[in-house]
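# Coordinate inspection notes
Spelled out, the chains give:
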Amino acid sequence: RYRLGLNPEDARAHCQKAQAHLALGQSQEAYQHLMAAIQSEPGYDEPHYFLGLLFRSKDQLARAREQFEETIRLNPRHYKAHGNLGLMAMQQGDTPGAELHLKAALDSNPRDTLALDALGLLYLSHDKLDLAEEQFQSALRLEPESTEIKAHLDQLRRKKRGVQ
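Just so you know, the residues in each chain are numbered from 1, in the order the chain's sequence is written. Confidence filtering applies because this is a predicted model: local features only for residues at pLDDT of at least 70, side-chain atom pairs given and counted only at 80 or more, and all residues used for totals across whole chains, interfaces and linings. The side-chain figures draw on all heavy atoms in the structure; neither hydrogens nor water molecules are used.

### Some thoughts on the overall build of the protein chain
Here a helix means four or more residues in a row that DSSP labels H or I, a strand means two or more in a row labelled E, and each is numbered from the N terminus. Looking only at helices and strands, the protein chain has nine helices and zero strands in total. Beginning at the N terminus, the succession of helices and strands in the protein chain can be written as α-α-α-α-α-α-α-α-α. Here the protein chain holds 164 residues, and 43% of them are scored as buried. Two residues qualify as a contact provided that any one of their heavy atoms is within 4.5 Å of a heavy atom in the partner residue. Within the protein chain, contacts between residues at least 6 apart in sequence are counted, and of these 44% link residues at least 24 apart. In summary, the charge assignment counts Lys and Arg as positive and Asp and Glu as negative, without counting His or the chain termini. Taken as the charge location is NZ of Lys, CZ of Arg, CG of Asp or CD of Glu. Distance between charge centroids for the protein chain: 2 Å, based on 21 positive and 23 negative side chains. Relative accessible area decides the class of each residue, using a 1.4 Å probe on protein chains only: under 20% of the type maximum gives buried, over 50% gives exposed, and in between gives partly exposed.

Next up, the structure:
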């Protein structure tokens, strides 16, 4: 269906087209472009990451996890793949896995406010209130207008008042 020249530019072009299709909710077209990108450049991490997002949006969590893990195998510092694995682990109650991946995301990108906020929520849910506050404060310094982070910080403060 696609002419593949087996060069990195083809893979990147397919990834860009896939992103556009994903934004439009055209998952089948996005899938075709992502598979073409992988065929064109098997060691390129981004098509695997976007396949992970595609599968996650379809609640195909095992397939999503496989793609995010493949992304990390190809690029161990892919903070967005680590972040997604961390969020998925949180949803499944896997606290050690969530913490591992969220910290890996932050090791790769300390300015990842989504990972900071998620790690704060993880700590908050386990009554590690000082650690939670540290994460929320770091996230808020990066995104001072975020109502979501502010709400999480307020939730933490209410919990602290109830605990102390």
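After presenting the structure, the write-up continues.
### Let's talk about the layout of surface pockets
A pocket here means an open set of points on a 1 Å grid, computed over the protein atoms alone, that has protein on both sides within 12 Å along at least five of seven lines. A cavity is instead a set of points where a 1.4 Å probe fits but cannot get out; residues with an atom within 4 Å of a point line either one. Grid points are joined across faces, edges and corners, and a volume is the space filled by probe spheres set on the points. Of the pockets and cavities examined, the largest pocket occupies roughly 210 Å³. Those elements that provide at least two residues to the lining of the largest pocket are α3 (46-57), α5 (79-91) and α7 (113-125). In terms of residue count, α5 provides more of the lining of the largest pocket than any other element does, five residues in total. Residue composition of the lining of the largest pocket, by class: six nonpolar, two polar and three charged. Side-chain classes are defined by residue name, with Ala, Val, Leu, Ile, Met, Phe, Trp, Tyr, Cys and Pro counting as nonpolar, Asp, Glu, Lys and Arg as charged, and the others, Gly among them, as polar.

### Quick word on the packing of α7 against helix α8 (residues 129-142)
Across the interface, α7 lies against α8 with an axial gap of 8 Å and an inter-helix angle of 160°. By the criterion of interaxial angle, the relationship of α7 to α8 is roughly antiparallel. Crossing handedness for the pair α7 and α8: left-handed. Within the contact between the two elements, α7 uses T113, L116, D117, L119, G120, L121, Y123 and L124 and α8 uses L129, L131, A132, Q135, F136, S138, A139 and L142. The residue makeup of the contact of α7 with α8, split by class, is eleven nonpolar, four polar and one charged. To define axes, lines are fitted to C-alpha atoms, for helices over the stretch in contact only, and angles between the resulting N-to-C directions are given on a 0 to 180 degree scale. Any angle between 65 and 115 degrees counts as roughly perpendicular, while under 35 counts as roughly parallel, over 145 as roughly antiparallel, and the rest as oblique. Put simply, a crossing is left-handed when the front helix is turned counterclockwise from the back one by less than a right angle, and right-handed when it is turned clockwise.

### Let's talk about the confidence of the model for the protein chain
How sure the predictor is of each residue is captured by pLDDT, a score from 0 to 100. Model confidence for the protein chain is summarised by a mean pLDDT of 93, while 94% of its residues fall at 70 or above. Taken together, the stretch residues 1-6 has pLDDT below 50 and engages in 13 contacts with residues farther than four places along the chain or on a different chain.

### Overview of the environment of R111
By secondary structure assignment, the location of R111 is in the loop between α6 (95-108) and α7. Once the C-alpha coordinates of R111 and A139 are considered, the two residues, 28 residues apart in sequence, prove to be 7.7 Å apart.

### What to know about the environment of A89
Considering the arrangement of structural elements, one finds A89 in helix α5. It is 30 Å that separates the C-alpha atoms of A89 and Q39, two residues lying 50 residues apart in sequence. A89 has contacts with D94, G97 and A98, leaving out every residue within four places of it along the chain.

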